[in-house]
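Fold and geometry: a report
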Amino acid sequence: MRDGGAQAPREATPLSGESAAIGRRGRGPAPSPGPAQAHWRQRGSMALVGYLLLLAQEHLEFRLPEIKSLLSLFGGRFSSHQEIHGKSPFWIINIPSEEIARNLMKRTVCAKSIFELWGHGKSPEELHNSLKNYPVEKMAPFLHSDSTYKINIHTFNKTLSQEEKVKRIDELEFLPFEGKVNLKKPQHVFCILEDYGLDPNTAPERPFNIYFGRWIADGQRELIESYSVKKRHFIGNTSMDAGLAFIMTNHGRVKENDVVFDPFVGTGCDLKRTLGFGEPSLRKVTEKQRGIMDRAGARESEGHGSNPDSDACLLGDLRQAPSLLWASVTSSVKWGSRL
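Cut-offs used in this document
- Residues numbered from 1 in each chain as written.
- Predicted model: local features only at pLDDT ≥ 70, side-chain atom pairs only at ≥ 80, totals over all residues.
- Heavy atoms only, no water.
- UniProt positions renumbered as here; feature names shortened; annotations may be inferred.
- Buried < 20%, exposed > 50% of the residue type's maximum accessible area, 1.4 Å probe, protein only.
- Helix = DSSP H or I, 4+ residues; strand = E, 2+ residues; numbered from the N terminus.
- Contact = heavy atoms within 4.5 Å.
- Salt bridge = Lys/Arg side-chain N within 4 Å of Asp/Glu carboxyl O.
- Phe/Tyr/Trp six-rings, centres within 6.5 Å; stacked < 30°, edge-to-face > 60°.
- Core = buried A, V, L, I, M, F, W, Y, C linked by side-chain atoms within 4.5 Å.
- Pairing = 2+ DSSP bridges.
- Axes fitted to C-alpha atoms, helices over the stretch in contact; angles between N-to-C directions.
- Parallel < 35°, antiparallel > 145°, perpendicular 65-115°, else oblique.
- Left-handed = near helix turned anticlockwise from the far one by under 90°.
- Nonpolar A, V, L, I, M, F, W, Y, C, P; charged D, E, K, R; others polar.

For the protein chain, an unreviewed UniProt entry supplies the name tRNA methyltransferase 11 homolog and the organism Ornithorhynchus anatinus. Here is the UniProt Sequence similarities (unreviewed entry) comment for the protein chain, exactly as written: "Belongs to the class I-like SAM-binding methyltransferase superfamily. TRM11 methyltransferase family."

Written out as structure tokens, the structure is:
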């Protein structure tokens, strides 16, 4: 698959980590299919059903509950057949449709990216055999001559040289790519992902697992930085970490038009993260808190481009609205344990 060397890795790729985008410079349309490619067109084997989740190595104990909650929110179901490898960042899960996979990534802060899994194995040979058993009719819409693509390399706990990356790309020559390589704005992005274990100090020579798939979407990890406590105009004594606040929102399966109740609202830190997903919130406050909430809430809204006078957050006496049905109750751990 190489002709004239490898391009330098891109800085902005659909996932973070040790990645590279490699292709053939000046590559034109693929030549007429040879015997191997003709063989691909004739194959009709059982599909490898599944998606590959690339997860962040943070808040490990909350990753599975978040994914389960979000799948149920969008119409999926987490079955016992999912391949969850404990602390590993690579999970193989079954999702009913690509639409549900995309919706999942619009909310998750525990996952970095999701891929339609085309093949995997514990060695290059196993990976190649797995890819050869993936139905060609499922590949065809993304490999035709009018399409553009690129292939990324992502490794966990090991750094590869450029030569090693090019070699891995070249080994996929048997795949029936007929489109043109486009490293800047490809229509389709594919990725080779290699898992070298959890200890970077004892990484093996060969990976424990290798995956290949089509990139679908990235998660919402950037929200953690956007709503970082360090960027708040007003910080209280118990302001919650942004990542944990988003995880709580996802665990509560909060969706549009839901009412979220924080009985220990303080400066509105947790509810502010709820608004990060575009969901409305209800703030319960006492008279003593009202002034500080008004000031902090207005400044926070200004900082994130929201209208402080909107109806997203309400101040009031709950005794005047006893029939409200809460979609979710959220609170910092320190105070929530008192509920």
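Anyway, onward from the coordinates.
Turning our attention to helix α3 (residues 98–105). Of the positions making up α3, those classed as buried are Ile100, Ala101, Asn103, Leu104 and Met105. In this fold, the buried residues of α3 make contact with β2 (51–55), α2 (60–73), β4 (111–121) and β8 (209–218).

Scanning the entire structure with this criterion turns up six salt bridges. Residue glutamate 125 pairs with arginine 206 through a salt bridge whose shortest N-O separation is 3.8 Å. Taken together, the positions of glutamate 125 in helix α4 (residues 124–132) and arginine 206 in the loop between β7 (188–195) and β8 put the pair 81 residues apart, joining distant regions of the chain. Salt-bridge contacts for glutamate 194 lead to arginine 168; the nearest nitrogen and oxygen are separated by 2.5 Å.

Next up on the list: the packing of aromatic side chains. Geometrically, a pair of aromatic rings is defined through the distance of the ring centres and the angle of the planes. Per the counting criterion, the structure on display carries ten aromatic pairs. Ring centres of phenylalanine 90 and phenylalanine 156 lie 6.3 Å apart, and the angle between their planes is 90 degrees; on these two criteria the pair is classed as edge-to-face. Separated by 66 residues along the polypeptide, phenylalanine 90 in strand β3 (residues 90–93) and phenylalanine 156 in strand β5 (residues 148–156) bring together distant segments of the chain. Like phenylalanine 90, the residue phenylalanine 156 is buried in the burial classification.

Right, let's get into the nonpolar core. Trp118, Leu131, Leu175, Phe177, Phe190, Ile192 and Phe212 are the most contacted members of the largest nonpolar core, which totals 23 residues. Put simply, the parts of the chain that give this core at least two residues each are α4, α5 (136–143), β5, β7 and β8. Ranked by size, the runner-up nonpolar core spans 17 residues in total, among them Leu53, Leu71, Trp91 and Ile216.

So, about the pairing of β8. Taking burial as the measure, the ten residues of β8 include eight buried ones, the bulk of the element. Direction of pairing for β7 relative to β8: antiparallel, over a ladder of six bridges. Residue pairing across strands places cysteine 191 opposite glycine 213, the latter belonging to β8.

On to the packing of α2 against helix α8 (residues 242–251), then. Closest axis-to-axis distance for the α2/α8 pair is 8 Å, and the angle between their directions is 40 degrees. As far as their axial angle goes, α8 and α2 are oblique. Two packed elements cross with a definite hand, and for α2 against α8 that hand is left-handed. Here Phe62, Pro65, Glu66, Ser69 and Leu70 of α2 come into contact with α8, specifically with Leu244, Ile247, Asn250 and His251. The residue inventory of the contact of α2 with α8, partitioned by class, reads five nonpolar, three polar and one charged.

When a strand is regular, its side chains alternate between the sheet's two faces. With eight of eight residues buried, β7 is to be regarded as a mostly interior element. By the alternation rule, side chains of β7 split into His188, Phe190, Ile192 and Glu194 and Val189, Cys191, Leu193 and Asp195, which are all buried. Bridge count between β5 and β7: eight bridges; the pairing is parallel. Across the sheet, the residue bridging to isoleucine 153 is isoleucine 192, located in β7.

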